[in-house]
Amino acid sequence: MIPLVCLVAVLLLSPAFASVPLVINTWNFREANFQAWKALYKEGRTALDSLVSGCSVCEIVQCDSSVGFGGSPDEAGNTSLDAMIMDGRTMNVGAVANVRDVKNAIGVARHVLEYTRHTLLAGDQVSDFAKEMGFTLESLQTPASRQQWQNWVANNCQPNFWVNVAPDPRSICGPYEPICKNSIEDCIEPGNREDFEIGPDNHDTIGMIVIDKKGHIVAGTSTNGATHKIPGRVGDSPIAGAGAYADDYVGAAAGTGDGDIMMRFMPALLAVEDMRRGVEPAMAAENALRRIAQYYPTFSGALIAATKTGEYGASCFGMNSFPYAVTNEAYNMRTTTLTVQCFTL
């Protein structure tokens, strides 16, 4: 006999209880989820408005110090931001990468979506675009981020993202120079991904999916990227199909984790294409992550996924468990944190 508590959980998460509108996002970022739902359901705003409203919350309150300003300083001590929005009706994308001096990265990504024919703007020139669009330019550094960077330097710049260079990046700070000038195949050192423990304290992303009552889907991301990254690094978050992907005919997916690895496999796109073939969301997410784990068994990451009818799920690898936030009518319009146990190989 199935315990009542387990039965209720099964029913709530089954396709029969799927419903739209729906807001779902990575990690336990309940305030962001609540704000997106409020904009969508209570204020009657569009799915795009709601996603931007929700992700902006994390950019303002610095969710876990890994979204928004003042977190994840790079090797030079600076913070830069990545963000992306994908519209599942038009398949249009607006994204920004390596943004400095603008706190509202998701807002700038929306302006790329709505006011340009481009998909992705990157680098220092994004600040010029943002200023032209009316955004305020201001430093993304804080006393906390400066202290975090100083502590890293005092610890001989450990950990870092360098390989195949001298002096030895595993014990000393740079500058570095290549040591494999003739044949890189002779000395490729892939690095141990276990050096970079992924989690809410040091490296994560808000990935959000919003589905309105008509089934229109928008997905997006916002992050300040990997802590102590090499300046100029761009991860998976602003890349359509990697950080997030949306298609009104099918559903959407969004990810978080070791972006340098995840972006090589386009996991959000893989999950959506699996759902197109009828695979339920949690399994679609797991299938995408399993493909990565086959090649990188020490990576860490997670995916959320949802169908156009509001069925949803999540999967994770390289962690013990992964929390994500959900609001829909099946939960009486209350923001709820769910946790999925990560699979192992």
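Preceding block: the structure.
Thresholds applied
In this convention, every chain numbers its residues from 1, walking through the sequence in written order. Side-chain atom pairs in this predicted model are given and counted only at pLDDT of 80 or more, local residue features only at pLDDT of at least 70, and totals for whole chains, interfaces and linings cover all residues. Excluding hydrogens and water, the side-chain values take into account all heavy atoms of the structure. The classification of residues rests on relative accessible area computed with a 1.4 Å probe and restricted to protein chains. Under 20% of the type maximum is buried, over 50% is exposed, and intermediate values are partly exposed. Helix numbers and strand numbers start at the N terminus; a helix is a DSSP run of H or I with at least 4 residues, a strand a run of E with at least 2. DSSP-based pairing: two strands are paired if at least 2 bridges between them are found. Here the expected length of a helix is defined as 1.5 Å per residue gap, with one fewer gap than residues. Contacts are residue-level and defined by heavy atoms, with any inter-residue pair within 4.5 Å sufficient. In the analysis that follows, any N or O atom pair within 3.5 Å is treated as a polar contact, provided that within protein one partner can donate a hydrogen and the other can accept it, and provided that, for residues neighboring in sequence, both atoms belong to side chains. Only the stretch in contact is used when a helix axis is fitted, and all axes are lines through C-alpha atoms; the angle between N-to-C directions ranges over 0 to 180 degrees.

Student: What's the story with the pairing of strand β2 (residues 81–87) in this structure? I'm lost.
Tutor: Where a strand is regular, its side chains alternate between the two sheet faces. Taken across its 7 residues, β2 has 7 buried, putting it largely inside the fold. Here β2 shows no split at all, with Leu-81, Ala-83, Ile-85 and Asp-87 on one side and Asp-82, Met-84 and Met-86 on the other all buried. Where β2 and strand β3 (residues 92–99) come together, 6 bridges link them in antiparallel fashion. Paired with Met-86 across the strands is Val-93, a residue of β3. Between the end of β2 and the start of β3, which pair antiparallel, lie 4 residues, with Met-91 showing a positive phi angle near 65°. Where β2 meets strand β8 (residues 217–223), 6 bridges bridge the pair, whose relative direction is antiparallel.

Student: Before we go on, may I ask you to explain helix α9 (residues 281–295) in this structure?
Tutor: Residue pairs spaced three or four apart in an α-helix point in one direction, given the helix's 3.6 residues per turn. For α9, which comprises 15 residues, the first-to-last C-alpha distance of 23 Å matches the rise-based estimate of 21 Å (1.5 Å per residue) to within 8%. Every buried residue of α9 is listed here: Pro-281, Ala-284, Ala-285, Glu-286, Ala-288, Leu-289, Ile-292 and Ala-293. Elements in contact with the buried residues of α9: α7 (259–262), α8 (267–276), β11 (301–307) and β12 (312–317). Between the side-chain oxygen of the N-cap and the backbone nitrogen of Ala-282 there are 3.0 Å, and the N-cap of α9 in question is Glu-280.

Student: Just checking my understanding: could you explain the sheet that holds β11 for this structure?
Tutor: Spatially, the 4 strands line up as an open sheet ordered β9-β10-β11-β12, and their pairing is antiparallel. Strand pairing shows two members of the sheet lacking a second neighbour, β9 (244–247) and β12, which therefore form its edges. Adjacent strand axes in the sheet meet at a mean angle of 10° when their direction is disregarded. In terms of strand pairing, strand β10 (residues 251–257) meets β11 through 7 bridges, oriented antiparallel. Paired with Gly-251 across the strands is Thr-307, a residue of β11.

All we've got here are geometric facts, nothing functional implied.
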